[in-house]
Amino acid sequence: MMKRLLLTAVAASLLSSAFLISVPAAQAEEAAYKLVLLRHGESQWNLEKRFTGWSDVDLTDKGRAGAVKAGEIMKGAGVNFDEVHTSKLNRAIETAQLAQKGMSAPWLPLQKYWRLNERCYGDLEGKKREDVAKEVGDDQVKIWRRSFDVPPPPLAVTDARSPVKDPRYADLDPRIIPASESLKDVIARVGPYWTDLLRPAIKSGKTVLVVGHSTNLRALSAWIEPNLDPKALQKLEIKNTKPILYEFDKDMNVIGRKVLEPTTENKE
């Protein structure tokens, strides 16, 4: 089923970071459900251009400010949430909490899911991209970063960077904790979250804010928009602290996707 979804062709004209699906204005008004995706704020390793993955890294001051601003933008857009979902990584959790502050809704229930973690970069975790490029070449780095099904070298269980012994994953079978992942692997990993948790929540009438990570949110987009093929997913850019609003019809078909922008009142 997943293979069929991922291999469905998509027109190049659908590739727009602001709006992937063009629909008549009258149809857009028929939105029955909403969902917002938000990538965490800039982290220290984003700034240093390091591979981050499942490593825990703090937000920069810019990242914290961006998270609060994202909350203000969502509030200004009139999006009212019922709950917030995030990964188990601190940079996403802090972003979610700061965004809730920005939208004056710190009371919203916050739920954490390991399946929303960023892709595991394996033995690349913590390394600077430029240093890896010097060692293996720019082309290989590009493959590891943007290919659909080629994961980086795996991380040994005995490596201090391995998440296997991290207490936040103590309830997981160690065999399902990734040692390295490609985009294809992350799509498979996030599938049960979409099928069993997020989609039913949306169908029940809840508006959910999902705070995650670059590759992970692209993987989730593969489930939200099954017409996106691997090439489209690889090119899909999800920027730090830029809220993406999805609108669905009553049958959960996507009828709109747009990046929310500041209103006149909350522009700096």
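Look a little higher up for the structure.
All figures in this text were calculated on a predicted structure; none of them were measured in a lab.

Draft legend 1. A look at the overall build of the protein chain. Within the protein chain, the regular secondary structure consists of 10 helices and six strands. Buried positions account for 50% of the 268 residues belonging to the protein chain. Within the protein chain, counting contacts between residues at least 6 apart in sequence, those at least 24 apart form 79% of the total. Roughly 13000 Å² of accessible area belongs to the protein chain as shown, and the carbon and sulfur atoms make up 51% of that amount.

Draft legend 2. Structural detail: unusual backbone geometry. For T241, which is not glycine, the phi dihedral falls at a positive 50°. Checked against the element boundaries, T241 lands in the loop between α10 (230–235) and β5 (244–248). Residue T241 is classed as buried on the basis of its relative accessible area, which comes to 12%. Notably, M252 is not glycine yet its phi reads approximately 65°, a positive angle. In this structure M252 comes out as buried when scored by relative accessible area, which is 7%.

Draft legend 3. Just the pairing of strand β6 (residues 254–259), in detail. Taking burial as the measure, the six residues of β6 include five buried ones, the bulk of the element. Bridge count for β5 against β6 is five bridges, and the pairing is antiparallel. Residue pairing for β6: L245 is matched across the bridge by K258. Taking the residues between adjacent antiparallel strands as the criterion, β5 and β6 are bridged by five residues, where M252 takes a positive phi near 65°.

Draft legend 4. Here's a closer look at the packing of helix α8 (residues 183–203) against helix α9 (residues 214–224). Relative orientation of the contacting elements α8 and α9 amounts to 60°, with a least axis distance of 8 Å. When the axis of α8 is compared with that of α9, the two are oblique. When you trace α8 past α9, the crossing you get is right-handed. Facing L183, V186, I187, R189, V190, G191, Y193, W194, T195 and L198 of α8, the residues of α9 in contact are T215, N216, R218, A219, L220, A222, W223 and I224.

Draft legend 5. Structural detail: the side chain of R91. As for its placement among the helices and strands, R91 is situated in helix α5 (residues 90–102). A polar atom in the side chain of R91 sits 3.4 Å from the side chain of H40. Once residues lying within four places of it in the same chain are set aside, the contact partners of R91 are H40, S43, T52, G53, S55, D56, V57, L59, E118 and H213.

Draft legend 6. Seen up close, helix α4 (residues 61–76). Between its first and last C-alpha, α4 extends 23 Å over 16 residues, near the 22 Å set by a 1.5 Å rise per residue. Among the residues making up α4, those that are buried are G63, G66, A67, K69, A70, G71, I73 and M74. Buried residues along α4 sit in contact with β1 (33–39), α5 and β4 (208–212).

Conventions and cut-offs
Residues numbered from 1 in each chain as written. Predicted model: local features only at pLDDT ≥ 70, side-chain atom pairs only at ≥ 80, totals over all residues. Heavy atoms only, no water. Helix = DSSP H or I, 4+ residues; strand = E, 2+ residues; numbered from the N terminus. Buried < 20%, exposed > 50% of the residue type's maximum accessible area, 1.4 Å probe, protein only. Contact = heavy atoms within 4.5 Å. Areas by Shrake-Rupley, 256 points an atom, 1.4 Å probe, with all protein chains shown as cover. Pairing = 2+ DSSP bridges. Axes fitted to C-alpha atoms, helices over the stretch in contact; angles between N-to-C directions. Parallel < 35°, antiparallel > 145°, perpendicular 65-115°, else oblique. Left-handed = near helix turned anticlockwise from the far one by under 90°. Polar contact = N/O pair within 3.5 Å; in protein donor to acceptor, adjacent residues only side chain to side chain. Expected span 1.5 Å × (residues − 1).

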